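What follows is the residue order along each chain.
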Amino acid sequence: MYDRILIVDDDDALRESLELILSADGYHVLSADCGEAALDVISESSVDVVLCDLRMPGLDGFDLIPQISCQMPGTPIILMSAHGTEDLAVEAIRRGAYDYLAKPFQPAEIRLTLRKAHEREQLRHQNELLRRDMSRSLGDRAIVAASDGMIELLEMLERTATYKSTILVTGESGTGKEVIARAIHQQSPRRERPFVAVNCGAIPENLLESELFGHAKGAFTGANRAHRGLFTEAHEGTLFLDEIAELPPPLQVKLLRAIQEEEIRPVGETKSQQIDVRVVAATARDLTREIAEGRFREDLFYRLNVVRLEVPPLRDRREDIPLLVDHFLARFRDSLGKPVRRVSDETLELLVAYSWPGNVRELENLIERAMILTDGDVVEASALPSVVASPPDQPSVADVDSNEPLALKPARQAFEAKIIRKALARTDGNRTHAAKLLEISHRALLYKIKDYGIRD
Ligand SMILES: Nc1ncnc2c1ncn2[C@@H]1O[C@H](COP(=O)(O)OP(=O)(O)OP(=O)(O)O)[C@@H](O)[C@H]1O
Ligand SMILES: [Mg+2]
């Protein structure tokens, strides 16, 4: 909720009763008995929201709107007036007020208005973040892929992107689901039309329906004008529904209908509208489990799962790691302005061996941090965090992925390869010394190096 409220009214009794109500609600209340006094207050301290009377001698509410917005851009101003006509309310909003309250009002009304203003403010903030996020990755939309798993995935993406069919992108957190969703849009005939991303888990449940499908003017308190939903924004383009498992059940029904019928009905509207939108959904959750536990509708799952793109965790496609490292080095070389050219062999070895629970995002963050810590042009292992730089010597059963087959031979080979790499790193690639460390013959080591495809 808001913290600091400024009340501006020339009616002493009303101002005092508002002060009482709102301080009891926990707000820090500042007050002014005229427009001039209000400007004095905001020149001295910041406020989060302004409740302002419309008719006052001297500077009135309409005069104050531009002055307050100029000093504290984005601060919502709620105008109050006893001359409550609808025209006046519209005029207030047209002039930049956030909302309008007709006097006299009940404490409950003022609380509701403040809450709505706050929620809309949050929503605006989230949309701003989404948009910023979008423009960043548009300038940098390369997908790095060398592993069989990723190349197969990209082939599948290419084949399916051109159709309108719904695509479900799954994978652990940080694997690149959003990157994939944007690539689908870019490879589709819709690429010139909007790509609209929405995080279903980040928008309060009571706002999500009108965010997705829009609302009519007057559909609910605070709906001062009609609002185009994200489906409409994405018309002829792609709508990316991130964290789809977070979608509340009533909206799951509405989404299913929207996809099936290709039409939407805004909140408070009686007529449906045709839409042409390609839906891409993503989740890090196991949807079959969500279905089994009654949180996700099976029919919606089948509708979304027409094409499934499963992004493998980074530990299952270690061949991508050296390329991703180069990709991020190049990116941060520009943004950090540091002439770091490469990572040392030992560093790369450690990076390839690490388990990456946070996947590509973790790698990205790690490279950025390591570059900040690097003075020369090579990233040394000393710039790595200790979880990566000193891996545990003993493998533990916890290292075994629950999906991995439990056969001993490949597990032993993977472990041997890891230890051999370590021994080679510690001896600067000297095989004779490494063989000694490993307590095996020189020949046995050469054989294993070849067998496991360990590069020098
Ligand atoms: N194959 C790739 N090539 C280049 N960059 C990648 C690749 N995969 C992921 N990234 C980068 O890694 C970061 C995480 O990717 P993204 O946000 O798409 O992951 P996500 O699966 O949506 O994660 P979350 O589940 O946490 O939302 C991004 O900065 C993205 O640019
Ligand atoms: Mg994501």
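Residues numbered from 1 in each chain as written. Chains lettered and ligands numbered in written order. Predicted model: local features only at pLDDT ≥ 70, side-chain atom pairs only at ≥ 80, totals over all residues. Heavy atoms only, no water.

K.L.:
When you look at the overall build of the protein in this model, what are you seeing that I'm missing?
P.N.:
Check the secondary structure of the protein and you find 19 helices and 14 strands. Taken over the C-alpha trace, the protein has a radius of gyration of 29 Å; the compact-globule value for 456 residues is 23 Å, which it surpasses by more than 25%. Seen along its three principal axes, the alpha-carbon backbone of the protein occupies a region of about 95 × 55 × 40 Å. The contacts in the protein between residues at least 6 apart in sequence include a share of 70% that link residues at least 24 apart. (Helix = DSSP H or I, 4+ residues; strand = E, 2+ residues; numbered from the N terminus. Rg over C-alpha atoms; globule rule 2.2 N^0.38 Å. Contact = heavy atoms within 4.5 Å.)

K.L.:
Help me understand the sheet that holds strand S4 (residues 77-81) in this model?
P.N.:
Sheet strands line up and pair through hydrogen bonds in the backbone, either parallel or antiparallel. The strand order S2-S1-S3-S4-S5 describes an open sheet built from five strands, whose pairing is parallel. If you trace the sheet from one side to the other, it starts and ends with strand S2 (28-32) and strand S5 (99-102), each paired once. Strand-to-strand, the axes of this sheet are offset by a mean angle of 20°, without reference to chain direction. Strand contacts of helix H1 (residues 12-24): strand S1 (4-8), S2, strand S3 (49-53) and S4, with the helix running at about 170° to S2, the strand carrying the most contacts. (Pairing = 2+ DSSP bridges. Axes fitted to C-alpha atoms, helices over the stretch in contact; angles between N-to-C directions.)

K.L.:
Which parts of the structure should I look at to understand the sheet that holds strand S8 (residues 238-242)?
P.N.:
Taking strand neighbours across the sheet as the criterion, the five strands line up as S7-S8-S11-S6-S12 in an open arrangement whose pairing is parallel. Only two strands of the sheet have a single partner each, and these edge strands are strand S7 (195-199) and strand S12 (307-310). Averaged over all pairs of adjacent strands, the angle between strand axes in this sheet comes to 20°, irrespective of strand direction. Pairing of strand S6 (residues 167-170) with S12 involves four bridges; the strand directions are parallel. By the bridge assignment, Leu168 is partnered in S12 with Arg308. Each of S6, strand S11 (278-283) and S12 is contacted by helix H6 (residues 148-161), which is oriented at about 155° to S12, the strand it contacts most.

K.L.:
Would you mind showing me how to read the packing of helix H8 (residues 205-213) against helix H10 (residues 249-261) here?
P.N.:
Packed helices, taken two at a time, are described by their axes: the angle between them and the distance between them. Close contact between H8 and H10 brings their axes to 11 Å; oriented N to C, the two are set at 10°. By the criterion of interaxial angle, the relationship of H8 to H10 is roughly parallel. From H8, Leu208, Glu209 and Phe213 reach across to H10, where they touch Leu251, Lys254, Leu255 and Ala258. Tallied by class, the residues present in the contact of H8 with H10 amount to five nonpolar, no polar and two charged. (Parallel < 35°, antiparallel > 145°, perpendicular 65-115°, else oblique. Nonpolar A, V, L, I, M, F, W, Y, C, P; charged D, E, K, R; others polar.)

K.L.:
Looking at this structure, how should I read the pattern of salt bridges?
P.N.:
A side chain with one charge may pair with a side chain of the opposite charge, provided their charged atoms come close. Summed over the entire model, instances satisfying the criterion amount to 24 salt bridges. Of the charged contacts in the structure, one is a salt bridge between Arg421 and Glu349, with a shortest N-O distance of 3.9 Å. Taken as a pair, Arg421 in helix H17 (residues 408-426) and Glu349 in helix H14 (residues 345-353) lie far apart in primary sequence, 72 residues in all. Through salt bridges with shared partners, a single ionic network connects Glu246, Arg285, Arg289, Glu290, Glu293 and Arg295. (Salt bridge = Lys/Arg side-chain N within 4 Å of Asp/Glu carboxyl O.)

K.L.:
Sorry, what's going on with the site of ligand 1 here?
P.N.:
Around ligand 1, 18 residues are found, and the nearest of them are Ser173, Gly174, Lys177, Arg361 and Glu364. A distance of 2.9 Å separates an oxygen atom of ligand 1 from a polar atom in the backbone of Gly174. With respect to ligand 1, the backbone of Thr175 contributes an N or O atom lying 3.4 Å from an oxygen atom. In the complex, the protein chains occlude 87% of the 640 Å² of accessible area that ligand 1 would expose alone. Mapped by element, the contributors of at least two residues to the shell around ligand 1 are helix H7 (177-186), helix H13 (320-336) and helix H15 (359-373). By residue number, the principal contributor to the shell around ligand 1 is H13, which donates four residues. Split by residue class, the shell around ligand 1 holds seven nonpolar, five polar and six charged. In this structure, the shell around ligand 1 is formed jointly by two domains, domain 2 (140-312) and domain 3 (315-391), each of which donates at least three residues. (Near = heavy atom within 4 Å. Polar contact = N/O pair within 3.5 Å; in protein donor to acceptor, adjacent residues only side chain to side chain. Areas by Shrake-Rupley, 256 points an atom, 1.4 Å probe, with all protein chains shown as cover. Domains from an automatic or database assignment.)

K.L.:
Mind showing me how you'd approach the side chain of Asp320 here?
P.N.:
Relative to the helices and strands, Asp320 resides in helix H13. Polar contacts involving the side chain of Asp320 include one to the main-chain amide nitrogen of Ala146, which spans 2.7 Å. Sequence-distant contacts of Asp320, that is, excluding residues within four places in its chain, are made with Ala145, Ala146, Ser147 and Met150.

K.L.:
Even after reading the chapter, I still don't get the pairing of S11, so can you show me in this structure?
P.N.:
Each regular strand carries side chains that alternate between the two faces of the sheet. Across the six residues of S11, six count as buried, placing the element largely inside the fold. Across the two faces of S11 the burial is the same, with Arg278, Val280 and Ala282 and Val279, Ala281 and Thr283 all buried. (Buried < 20%, exposed > 50% of the residue type's maximum accessible area, 1.4 Å probe, protein only.)

K.L.:
Help me understand a negative patch on the surface, please; the structure alone is not making it clear to me.
P.N.:
Together, Asp148, Glu152, Glu155, Glu158 and Glu319 make up a negatively charged patch on the protein surface. Positionally, Glu319 belongs in the loop between S12 and H13. (Patch = residues over 30% accessible without salt bridge, like charges linked within 9 Å, V, L, I, M, F, W, Y side chains within 5 Å. Lys, Arg positive; Asp, Glu negative; His and termini not counted. Charge placed at Lys NZ, Arg CZ, Asp CG, Glu CD.)

K.L.:
Looking at this model, I keep getting lost on the packing of aromatic side chains. Mind explaining?
P.N.:
Applying the stated criterion to the full structure yields five aromatic pairs. Taking 6.1 Å as the distance between ring centres and 25° as the angle between the ring planes, the aromatic pair formed by Phe195 and Phe240 counts as stacked. Here Phe240 lies in strand S8 and Phe195 lies in strand S7, a separation of 45 residues in the sequence. Here Phe301 and Tyr302 contribute two aromatic rings whose centre-to-centre distance is 5.4 Å and whose plane-to-plane angle is 65°, an arrangement assigned as edge-to-face. Judged by its relative accessible area of 5%, Phe301 is buried. (Phe/Tyr/Trp six-rings, centres within 6.5 Å; stacked < 30°, edge-to-face > 60°.)

K.L.:
Help me out: how do you make sense of the environment of Ser45 in this one?
P.N.:
On the secondary structure map, Ser45 appears in the loop between helix H2 (35-44) and S3. The spatial distance from the C-alpha of Ser45 to the C-alpha of Ala423 is 63 Å, given a sequence separation of 378 residues. The contacts of Ser45, once residues within four sequence positions are left out, are Arg4 and Leu30.

K.L.:
Help me out: how do you make sense of the state of the cysteines in this one?
P.N.:
As used in these notes, a disulfide is a covalent bond between sulfur atoms, one from each of two cysteines. What the rule picks out here adds up to zero disulfides. Sulfur of Cys34: no disulfide; nearest cysteine sulfur belongs to Cys52 and is 10 Å away. (Disulfide = S-S within 2.5 Å.)

K.L.:
What is the right way to look at unusual backbone geometry in this model?
P.N.:
In terms of backbone geometry, most residues other than glycine have negative phi values and most peptide bonds are trans. Between Lys103 and Pro104 the backbone carries a cis peptide bond, its omega angle lying at -5°. By the element assignment, Pro104 lies in the loop between S5 and helix H5 (107-138). Of note, Glu236 is a non-glycine position whose phi angle comes to about 70°, a positive value. Tracing the backbone through its elements, the reader meets Glu236 in the loop between helix H9 (230-233) and S8. The phi dihedral of Asn359 is positive, around 55°, even though this residue is not glycine. If you trace the backbone, Asn359 turns up in helix H15.

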